[in-house]
Amino acid sequence: CLTFDDGPSKTTPEVLAALDAAGVHGTFFVVATGYNEKYLPLLTQAAAAGHQIALHSASHEYSDIYRSSAAYWKDIALLKQRIAPYVDAESIRYLRFPGGSTNTVSRRYGGKGLMPQLKTEVEQRGWQWVDWNVCAEDAVGGHPSADTIYRNVVRETGEQPHCVVLMHDSATTRTTAEALPDIIQWYRDQGFTFCRVEQVLPAP
Ligand code: ZN
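Residues numbered from 1 in each chain as written. Predicted model: local features only at pLDDT ≥ 70, side-chain atom pairs only at ≥ 80, totals over all residues. Heavy atoms only, no water.

Draft legend 1. The arrangement of the overall build of the protein chain in detail. Of regular secondary structure, the protein chain possesses nine helices and seven strands. Here the protein chain has a C-alpha radius of gyration of 16 Å; the compact-globule value for 204 residues is 17 Å, and the two agree. When its C-alpha atoms are laid out on the principal axes, the protein chain stretches across 45 × 35 × 35 Å. Burial analysis of the protein chain (204 residues in total) assigns 50% to the buried set. Long-range pairs, those at least 24 residues apart, make up 78% of the contacts in the protein chain between residues at least 6 apart in sequence. (Helix = DSSP H or I, 4+ residues; strand = E, 2+ residues; numbered from the N terminus. Rg over C-alpha atoms; globule rule 2.2 N^0.38 Å. Buried < 20%, exposed > 50% of the residue type's maximum accessible area, 1.4 Å probe, protein only. Contact = heavy atoms within 4.5 Å.)

Draft legend 2. Up close: the pattern of salt bridges. On inspection of all chains with the given rule, the structure shows eight salt bridges. Between arginine 67 and aspartate 64 there is a salt bridge; the shortest N-O distance is 2.8 Å. Of the residues examined, arginine 67 reaches a relative accessible area of 49% and is grouped as partly exposed. Under the relative-accessibility criterion, aspartate 64 is labelled partly exposed at 28%. Among the salt bridges present, the one from arginine 174 reaches glutamate 178, with a minimum N-O distance of 3.3 Å. (Salt bridge = Lys/Arg side-chain N within 4 Å of Asp/Glu carboxyl O.)

Draft legend 3. Local environment of the layout of surface pockets. What the largest pocket holds in volume is close to 240 Å³. Looking at side-chain class alone, the lining of the largest pocket contains 11 nonpolar, three polar and no charged residues. Its boundaries defined by the atoms lining it, the second largest pocket holds a volume of some 200 Å³. Residues that form the lining of the second largest pocket fall into these classes: five nonpolar, five polar and three charged. (1 Å grid on protein atoms, 1.4 Å probe; cavity = no way out; pocket = protein on both sides within 12 Å on 5 of 7 lines; lining within 4 Å. Points joined across faces, edges and corners; volume = space filled by probe spheres on them. Nonpolar A, V, L, I, M, F, W, Y, C, P; charged D, E, K, R; others polar.)

Draft legend 4. Here's a closer look at the coordination of the zinc ion. Summarising the metal site, the zinc ion is bound by the protein donors Asp6 (OD), His56 (NE2) and His60 (NE2), whose distances to it range over 2.1 to 2.2 Å. Motif for the zinc ion, donor spacing along one chain: D-x49-H-x3-H. With a gap of 54 residues between them, aspartate 6 in strand E1 (residues 2-7) and histidine 60 in the loop between strand E3 (52-57) and helix H3 (62-65) connect regions that are remote in the sequence. (Donors = N, O, S within 2.8 Å, 3.2 Å for Na, K, Ca; no water.)

Draft legend 5. View of the packing of aromatic side chains. Within the structure shown, the criterion is met by 10 aromatic pairs. With centroids separated by 6.4 Å and ring planes inclined at 40°, the aromatic side chains of phenylalanine 97 and tryptophan 129 adopt a geometry described as tilted. Of this pair, phenylalanine 97 sits in the loop between strand E4 (94-95) and helix H5 (105-110) while tryptophan 129 is found in strand E5 (residues 128-129), placing the two residues 32 residues apart along the sequence. For the pair tyrosine 187 and phenylalanine 194, a centre-to-centre distance of 6.1 Å together with 90° between the ring planes defines the contact as edge-to-face. With respect to burial, tyrosine 187 and phenylalanine 194 carry one shared label: buried. In this structure an aromatic cluster arises from ring pairing among Tyr62, Tyr66, Tyr72, Trp73, Phe97, Trp127 and Trp129. Directly above the ring of tryptophan 129 sits lysine 119, whose terminal nitrogen or CZ lies 5.3 Å from the centroid. (Phe/Tyr/Trp six-rings, centres within 6.5 Å; stacked < 30°, edge-to-face > 60°. Lys NZ or Arg CZ within 6 Å of the ring centre and 35° of its normal.)

Draft legend 6. Broad picture of the side chain of threonine 173. For threonine 173, the location among the structural elements is in the loop between strand E7 (165-168) and helix H8 (174-189). Residue contacts for threonine 173: discarding those within four places in its chain leaves Thr11, Asp138, Ala139 and His168.

Next up, the structure:
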């Protein structure tokens, strides 16, 4: 599963074009920070092309969303409200926690018990949270080249037979879109096929 966090962004058209050219469907964990507001209509296009749209965060501000369970769910409600003009937000059952489900930064704001509590609450809603086991390391400082991102994915995949690949769709990760054709070809050469997250990870 190729997954893209933090979009839509000005890079999204390039990501969509690369996926379309390869005939691959991905999963987008989206944000609605206000800064990316003008790109939100791209979600309609992404969904129509067969990609999965899933929730990430409205603000993506750790100090805000991880203050408490109430603050987290308020942010998710705001995200759904902001993307509702473009996709069927009420039908979305998948989300990715900023920093992942095992992040420790949330402890600073909401305490040690917050992530276990949020995971339970997500499941109680009948939703599914989604982590990753391959990180493209494409959002680190220094703006990695397409070749570096490709090599990160190959190295992190290692011998794993099932991969959820974390990549980013943001203003600063254009090289991710550039790396996609080679990444997709490499996985195909290894015998992998591509799925949206919802195809391999059923909602509870
Ligand atoms: Zn993120």
